[in-house]
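So the chains spell out like this:
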Amino acid sequence: MKTYFVYILSCSDGSFYVGITGNLEQRWAQHQTGYFTSCYTHKRKPLILEYHREFYDVIAAILFEKKLKGWTSAKKKALINNDFNTIQSLAECRNFTHFKYKPDCDD
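Owing to the predicted nature of the structure, the values given are computational and were not obtained by experimental measurement.

Scoring rules and cut-offs
Residues numbered from 1 in each chain as written. Predicted model: local features only at pLDDT ≥ 70, side-chain atom pairs only at ≥ 80, totals over all residues. Heavy atoms only, no water. Phe/Tyr/Trp six-rings, centres within 6.5 Å; stacked < 30°, edge-to-face > 60°. Helix = DSSP H or I, 4+ residues; strand = E, 2+ residues; numbered from the N terminus. Buried < 20%, exposed > 50% of the residue type's maximum accessible area, 1.4 Å probe, protein only. Lys NZ or Arg CZ within 6 Å of the ring centre and 35° of its normal. Arc of directions from axis to C-beta. Contact = heavy atoms within 4.5 Å. Polar contact = N/O pair within 3.5 Å; in protein donor to acceptor, adjacent residues only side chain to side chain.

(A) Quick look at the packing of aromatic side chains. Enumeration over the complete set of coordinates arrives at four aromatic pairs. Pairing Tyr-17 with Tyr-40 gives two aromatic rings, centres 6.2 Å apart and planes at 15°, and the pair type is stacked. One end of the pair, Tyr-17, is in strand β2 (residues 16-21); the other, Tyr-40, is in the loop between α1 (24-33) and β3 (48-55), and 23 residues separate them in sequence. For Tyr-17, a relative accessible area of 18% translates into the label buried. Taking 4.8 Å as the distance between ring centres and 85° as the angle between the ring planes, the aromatic pair formed by Tyr-35 and Phe-36 counts as edge-to-face. When its relative accessible area of 56% is taken as the criterion, Tyr-35 is described as exposed. Directly above the ring of Phe-64 sits Arg-53, whose terminal nitrogen or CZ lies 4.7 Å from the centroid.

What follows is the structure in structure tokens.
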């Protein structure tokens, strides 16, 4: 059964890189050596492999990678720290039009 990995790297400039691969050890080595000179991480070494999750379904892996790429750095950091309460809090809508922020009609 083929496995896929979605991973998060922290870069020396404080940013995060999210990627997907079928061979995590090989891809990690490529990031560390700067194998792909046009890669985002090439000039942001040293790197730390902060998080990875294994998938057996490539579509699920791709969807998860896209989801993480849309997250803020704070949400990625919370995921790395297994802080699911913070992830939930950061995911809540903070629009004034959201029901949590609408004033009661009875006031």
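(B) Fine view of unusual backbone geometry. A cis geometry characterises the amide bond from Lys-45 onward to Pro-46, with omega recorded as 5°. In this structure, Pro-46 sits in the loop between α1 and β3. Even without being glycine, Asn-82 reaches a positive phi, approximately 55°. Within the secondary structure layout, Asn-82 lies in the loop between α3 (73-80) and α4 (84-91). For Asn-82, a relative accessible area of 52% translates into the label exposed.

(C) Representation of α1. Along α1, the residues that are buried comprise Leu-24, Arg-27, Gln-30 and His-31. Projected down its long axis, α1 carries its buried residues within an arc of 125°, all on one side. In α1, the exposed positions angled more than 90 degrees off the buried face are occupied by Glu-25 and Thr-33. On its buried face, α1 is in contact with β1 (4-10), β2 and β3. At the N-terminal end of α1, a side-chain oxygen is found 3.4 Å from the backbone nitrogen of Glu-25, two or three residues along, and the residue is Asn-23. With its phi angle positive at about 75°, Gly-34 sits one or two positions after the end of α1.

(D) Geometry of the environment of Phe-64. For Phe-64, the location among the structural elements is in helix α2 (residues 58-69). Along the primary structure Phe-64 and Phe-5 are separated by 59 residues, whereas in three dimensions their C-alpha atoms are 10.0 Å apart. With near-sequence residues (within four places) excluded, Phe-64 lies in contact with Val-6, Tyr-51, Arg-53, Phe-55 and Leu-79.

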